[in-house]
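# Examination of the molecular architecture
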Amino acid sequence: MDEFTYRDGTLHAEQLPIAALAEAVGTPFYCYSAATLRRHYTVLDEALAEAGLSERLICYSVKANSNLAVIATLAQLGAGADIVSQGELRRALEAGVPAEKIVFSGVGKTAEEMRAALAVGILQFNVESLSEIDLLADTATAMGKTAHIALRVNPDIDAGTHEKISTGKAENKFGIAWEEARTAFAHAEALDGVTASGIDIHIGSQITELEPFGRAFEKIAGLLADLRADGHDIRRLDLGGGLGVPYGRDNDTPPDPSAYAQIIADTLSDSGCMIMLEPGRLIAANAGILVTSVIRTKQGQAKNFMIVDAAMTELMRPTLYGAHHHIAPIDEDTGAHDAAIKQWDVVGPVCETGDYLGLDRDLPVLESGALLAIFAAGAYGAVLGSAYNTRLPAPEVLVDGEKWAIVRARPDYQSLLAGEAIPDWL
Ligand SMILES: *Cc1c(COP(=O)(O)O)cnc(C)c1O
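Residues numbered from 1 in each chain as written. Predicted model: local features only at pLDDT ≥ 70, side-chain atom pairs only at ≥ 80, totals over all residues. Heavy atoms only, no water.

### Quick word on the nonpolar core
Cut-off, in case you're wondering: We call a set of buried residues a nonpolar core when its members are Ala, Val, Leu, Ile, Met, Phe, Trp, Tyr or Cys and they connect through side-chain atoms within 4.5 Å of each other. When accessible area is computed with a 1.4 Å probe and restricted to protein chains, residues below 20% of their type maximum are described as buried, those above 50% as exposed, and intermediate ones as partly exposed. In this description a helix means any DSSP run of H or I spanning at least four residues, a strand means any run of E spanning at least two, and both kinds are numbered starting from the N terminus. The domain limits used here are those given by an automatic or database domain assignment. The contact rule is simple, with two residues in contact once any of their heavy atoms fall within 4.5 Å.
Residues Phe125, Ile149, Ile199 and Leu237 are the most contacted members of the largest nonpolar core, which totals 107 residues. Considering each element in turn, this core owes the most residues, seven residues, to helix H8 (residues 211–229). Two domains share this core, each providing at least three of its residues, namely domain 1 (4–32 + 285–417) and domain 2 (34–281). The residues contacting Ile199, other than those within four sequence positions of it, are Ala150, Leu151, Val153, Phe185, Ile220, Leu223, Leu224, Leu227, Ile234, Arg236, Leu237 and Asp238. Of all hydrophobic cores here, the second largest spans 19 residues; its members include Cys31, Ile289, Ala328 and Val397.

Written out as structure tokens, the structure is:
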């Protein structure tokens, strides 16, 4: 459910017509709905509560959409943050997430990043290898601190998702091999500077079946029993993110949060542990659209092309993951009386064959300047953007009821080039 709806024949974000925002901001731009962000967080939190999981923490996965205003919206509801870099640590803190609700994930944390996170006293480091545990132990000891760690284990489960966003299989780079988990906990326990107090998994993203989660959580329950038998004091289970969302608008129906919460309760409610989740896409994807306008259409011999001012530089998901995003005109009536609906490849101006936003889409013939919305673009959209082809990164707008603000401005060319220099020998 989201707050992007047609009213009086034109698409609105909450109370505001998209066309008016486009007029004020210029296209392309991202538009986020605060009400939708809050709803997604609240639905998940209430589902967990209703399943009886009282000790819980939802750490929003900042990498899905790391705009400060987005993080702040969630922080105000009590969300924690799941971060994967020192930069995301800065964002989370600046947006008002308390350090004691921040977990630090990722396979490649450096000593400098560890120091930054230890200095502010984050809740937990999710560690992924023995050498990372050693470095964290040394770094924490040198600072006179103790890091709480959860060991990210790889349950070797196929989440049935796209290969580039599957993370829980044995051949993926993530986590400590299941068979080595007990050794790794023993290793950590023997070190100063770290306390192994949690188990962490994250099996992939855009997972649309609940069954892989169920299998993973059952494996966790088994490992928890083994680790406790080994004498480890495990207090937290971090079950990662990954719950899928609908991208097609009408057709696909991913699992609903209450069924997901029920599986957690069925497998882990007697664990005596705090249950932590790291959802990103679930919260942000349908809370954002990318608004673009038609530059021109081009009817080729084999295909029709609708060339728009957004591109793979704004939304890389179609070409990176083969992802489908629903695309529709802002004006609901466009083409309604027109039998001439055609099939279009909706493409950007970037000089790459892979620069498309949607292929073979049924859309009316649109004039130059007509506005289109690309839906479910709030997660892994703006964050994956680039300035390739020296394009100006698209601004981001947050709508909240009748209020709206530019929450990241479009840079100008001067600031885009500001960091570059021509050496004086040239
Ligand atoms: C990316 C990521 C997430 C969020 O995944 P979603 O599919 O967006 O929910 C959570 N945890 C970790 C460790 C991640 O890498």
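### Some thoughts on the site of the ligand
Here is the rule: Residues are classed as near a molecule or strand on a simple rule: at least one heavy atom within 4 Å of it. Any pair of nitrogen or oxygen atoms within 3.5 Å is treated as a polar contact; in protein, a donor-acceptor pairing is required on top of that, and neighbouring residues in sequence qualify only through side-chain atoms on both sides. Here the accessible surface of atoms and residues is derived via Shrake-Rupley with a 1.4 Å probe, and residues count as covered only by protein chains that are part of the display. For this scheme, ten residues count as nonpolar: Ala, Val, Leu, Ile, Met, Phe, Trp, Tyr, Cys and Pro. Four count as charged, namely Asp, Glu, Lys and Arg, and the remainder, Gly too, count as polar.
For the ligand, the set of nearby residues contains 14 residues, the closest of which are Lys63, Ser205, Glu278, Arg281 and Tyr380. Separating an oxygen atom of the ligand from a side-chain N or O atom of Ser205 is a distance of 2.3 Å. Here an oxygen atom of the ligand and a backbone polar atom of Gly242 are 2.8 Å apart. Starting from 390 Å² of accessible surface for the ligand in isolation, the protein chains cover 93%. Its residues assigned to classes, the shell around the ligand shows two nonpolar, seven polar and five charged.

### Structural notes on the side chain of Gln206
Take Gln206: it is sitting in the loop between strand E11 (194–200) and H8. Judged by relative accessible area, Gln206 falls into the buried class, the value being 14%. A distance of 2.9 Å separates a polar side-chain atom of Gln206 from the backbone oxygen of Val245. Dropping the residues within four chain positions of it, Gln206 is found in contact with Thr161, Ile165, Gly242, Gly244, Val245, Tyr247 and Arg281.

### Here we look at helix H2 (residues 34–50)
Residues spaced three or four apart along an α-helix face the same direction, because each turn holds 3.6 residues. Formally: Residue count minus one, scaled by 1.5 Å, sets the expected span of a helix.
Relative to the 24 Å expected for 17 residues at 1.5 Å per residue, H2 spans 24 Å between its end C-alpha atoms, a close match to the ideal helical length. Of all the residues in H2, the buried ones are Ala34, Thr36, Leu37, His40, Tyr41, Leu44, Asp45, Ala47 and Leu48. Positive phi appears at Gly52, one or two residues downstream of H2, with a value of about 85°.

### Comments concerning the pattern of salt bridges
Definition in use: Here a salt bridge means any side-chain nitrogen of Lys or Arg lying within 4 Å of a carboxyl oxygen belonging to Asp or Glu.
In this structure the tally under the stated criterion is 13 salt bridges. Salt-bridge contacts for Asp233 lead to Arg235; the nearest nitrogen and oxygen are separated by 2.8 Å. Take Asp233: its relative accessible area is 44%, and that puts it in the partly exposed class. Salt bridges here are not isolated pairs; linked through shared partners, they connect Arg182, Asp226 and Asp230.

### Considering the packing of helix H7 (residues 181–189) against H8
Quick note on the threshold: Each axis is a line fitted through C-alpha atoms, and for a helix only the stretch in contact is used; angles between axes span 0 to 180 degrees, taken between their N-to-C directions. We call two directions roughly parallel when the angle between them is under 35 degrees, roughly antiparallel when it is over 145, roughly perpendicular when it lies between 65 and 115, and oblique otherwise. It is the rotation of the near helix from the far one that decides the hand of a crossing: anticlockwise by less than a right angle makes it left-handed, clockwise makes it right-handed.
Here H7 crosses H8 at 40°, and the two axes come no closer than 11 Å. By the angle between their directions, the pair H7 and H8 is classed as oblique. In terms of crossing hand, the pair formed by H7 and H8 is right-handed. Residues Ala181, Arg182 and Phe185 of H7 pack against Leu223, Asp226 and Leu227 of H8. Counted by class, the contact of H7 with H8 contains four nonpolar, no polar and two charged residues.

### What about the domain arrangement of the chain?
When the parts of a complex come together, some accessible area is lost, and that lost area is often taken as the interface size. Keep this limit in mind: Buried area: the sum, over both parts, of the accessible surface (1.4 Å probe) that disappears when the two are put together.
For the chain, the assigned domains are domain 1 (4–32 + 285–417) and domain 2 (34–281). Each of domain 1 and domain 2 has a C-alpha centre, and the two are 32 Å apart. With 25 residues of domain 1 at the interface, the matching set in domain 2 holds 24 residues. Carbon and sulfur atoms make up 53% of the surface buried where domain 1 meets domain 2, a total of about 2,200 Å² over both sides. A per-residue breakdown of the area domain 1 buries against domain 2 is headed by Asn286, Tyr321 and Tyr380, which together make up 27% of the total. Where domain 1 packs against domain 2, one counts one salt bridge. Notably, a salt bridge pairs Asp400 with Arg38, separated by 2.8 Å at the nearest N-O pair. Across the domain 1-domain 2 interface, the total number found is 11 residue pairs in polar contact (both at pLDDT 80 or more).

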